[in-house]
Amino acid sequence: MNQRIKHPDRKNGLSILQAAEREMQYTLKLPITEDSAFNVIRNIYECFRMLGDASLISKGIVSQDHIEQIRELENMQVKTERPIILIDTLRKLRHNINYYGYIPSKAEAEDAISIARACFNPLLEFVKKNITK
């Protein structure tokens, strides 16, 4: 865990949230094919990571790794249609794509979309509420 504490930055946190929301809306509109699976999975994961980052930054915590950002989401008491812990499987999948040349399938992209549809908006609203209170 590589964390350092600095001043809470709610404005930056909200900016990151808006970017994550915009990118997720775009990604969910992409056609799902064997060729697009690579980008769909990476984009969806990145949007979740950004939610965790926004939450940490708004608390004044600067994280240097993705694991801490995903753990931030996993610790949130949010009701979702699928378990939040599945986001970590997206992190591992994205890692294999980026660093080991793994080529994801259309089915894996469809599962990533299912996770996004089930978890993203509840987490987004929870983080947004915590930042703006």
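These numbers were taken from a predicted model, which means no experiment stands behind them. In this numbering scheme, every chain counts its residues from 1 along its sequence in written order. Reporting of local features is limited, given that this is a predicted model, to residues whose pLDDT is at least 70; pairs of side-chain atoms are given and counted only at 80 or more, and all residues count toward the totals for whole chains, interfaces and linings. The side-chain values count all of the structure's non-hydrogen atoms but skip hydrogen atoms and water molecules.

Visitor: Any chance you could break down the overall build of the protein for me, citing the residues and the numbers?
Guide: Check the secondary structure of the protein and you find 5 helices and 2 strands. Only DSSP runs of H or I covering at least 4 residues are called helices, and only runs of E covering at least 2 are called strands; the numbering of each starts at the N terminus. Put simply, the protein runs from its N terminus to its C terminus through helices and strands in the order β-α-α-β-α-α-α. Using C-alpha atoms as the atom set, the radius of gyration is obtained and then compared with a globule rule of 2.2 Å times the number of residues to the power 0.38. Compactness check: the protein gives a C-alpha radius of gyration of 14 Å against a globular reference of 14 Å for 133 residues, within 12% of the reference. Oriented by its inertia axes, the alpha-carbon framework of the protein measures out at about 45 × 25 × 25 Å. To sort residues, take the accessible area from a 1.4 Å probe on protein chains only and compare it with the maximum for the residue type: under 20% means buried, over 50% means exposed, and anything in between is partly exposed. Counting over 133 residues, the protein shows a buried share of 44%. Within the protein, contacts between residues separated by at least 24 positions form 76% of all contacts whose residues are at least 6 apart in sequence. We get accessible surface area from the Shrake-Rupley algorithm with a probe of 1.4 Å; when it comes to residues, only the shown protein chains can shield them. Put simply, the protein shows about 7500 Å² of open surface, and 50% of that area lies on carbon and sulfur atoms. If the 20 positive side-chain charges of the protein are averaged to one point and the 17 negative ones to another, these points end up 6 Å apart. Whether two residues are in contact is decided by their heavy atoms, any of which lying within 4.5 Å being enough. Note on charges: Lys and Arg go in the positive column, Asp and Glu in the negative column, and His and the chain ends are not counted at all. Working definition for charges: the position is that of NZ of Lys, CZ of Arg, CG of Asp or CD of Glu.

Visitor: Tell me about the confidence of the model for the protein, and name the residues and values.
Guide: When the pLDDT values of the protein are averaged, the result is 95; 96% of them are 70 or greater. The secondary structure element of the protein with the lowest average pLDDT is strand E1 (residues 3–5), at 60, and the one with the highest is helix H5 (residues 106–132), at 98. On a range of 0 to 100, pLDDT expresses the predictor's confidence in each residue.

Visitor: Describe the packing of aromatic side chains, with residues and values.
Guide: Here a Phe, Tyr or Trp ring, Trp counted by its six-membered ring, pairs with any other such ring whose centre lies within 6.5 Å, and the pair is stacked when the planes are under 30 degrees apart, edge-to-face when over 60, and tilted otherwise. For the coordinates displayed, the defined rule picks out 1 aromatic pair. Judged by centre distance (5.6 Å) and plane angle (75°), the rings of phenylalanine 48 and phenylalanine 120 are edge-to-face. Here the residue phenylalanine 48 occupies a position in helix H2 (residues 37–58), and phenylalanine 120 occupies one in helix H5, the gap between them amounting to 72 residues. Take phenylalanine 48: its relative accessible area is 0%, and that puts it in the buried class. On the basis of relative accessibility, which here comes to 3%, the residue phenylalanine 120 falls in the buried class.

Visitor: Account for the packing of helix H1 (residues 10–28) against H5, naming residues and giving values.
Guide: Two elements in contact, H1 and H5, have axes separated by 11 Å at closest approach and are oriented at 160°. Put simply, H1 runs roughly antiparallel to H5. Crossing geometry of H1 relative to H5 is assigned as left-handed. Mapping the contact onto sequence places Arg10, Gly13, Leu14, Leu17, Ala20, Glu21, Met24 and Leu28 in H1 and Ile113, Ala116, Arg117, Phe120, Leu124, Val127, Lys128, Ile131 and Thr132 in H5. Ten residues, namely Ala, Val, Leu, Ile, Met, Phe, Trp, Tyr, Cys and Pro, are considered nonpolar, four, namely Asp, Glu, Lys and Arg, are considered charged, and the remaining ones, Gly among them, are considered polar. Along the lines of polarity and charge, the residues of the contact of H1 with H5 split into 11 nonpolar, 2 polar and 4 charged. Axis lines are fitted through C-alpha atoms, for helices just across the contact stretch, and the angle between N-to-C directions can take any value from 0 to 180 degrees. Working definition: roughly parallel below 35 degrees, roughly antiparallel above 145 degrees, roughly perpendicular at 65 to 115 degrees, and oblique for all remaining angles. Should the near helix be turned anticlockwise from the far one by less than a right angle, the crossing is left-handed, and should it be turned clockwise, the crossing is right-handed.

Visitor: Before we move on, can you summarise the layout of surface pockets with the specific residues and values?
Guide: Using a probe with the size of a water molecule, rolled over the atoms, empty space left in the structure can be pinpointed. Each pocket or cavity is described by its volume, and for the largest pocket that value is around 150 Å³. Residues are said to line a cavity or pocket when one of their atoms sits within 4 Å of a point; the points come from a 1 Å grid over protein atoms alone, cavities being sets where a 1.4 Å probe fits but cannot get out and pockets being open sets with protein on both sides within 12 Å along at least five of seven lines. Taken together, Arg10, Ser55, Ser58, Lys59, Glu72, Asn75, Met76, Phe126, Val127, Asn130 and Ile131 make up the full set of residues lining the largest pocket. Among the elements of the structure, H2 and H5 are those that each provide at least two residues to the lining of the largest pocket. The leading source of residues in the lining of the largest pocket is H5, at 4 residues. Tallied by class, residues from the lining of the largest pocket come to 4 nonpolar, 4 polar and 3 charged. Grid points are joined across faces, edges and corners, and a volume is the space filled by probe spheres set on the points.

Visitor: Outline the side chain of glutamate 72, listing residues and values.
Guide: Position of glutamate 72 relative to the elements: it lies in helix H3 (residues 66–74). Owing to a relative accessible area of 11%, glutamate 72 belongs among the buried residues under this scheme. For glutamate 72, the contacting residues outside a window of four places in its chain are Gly52, Ser55, Leu56 and Lys59.

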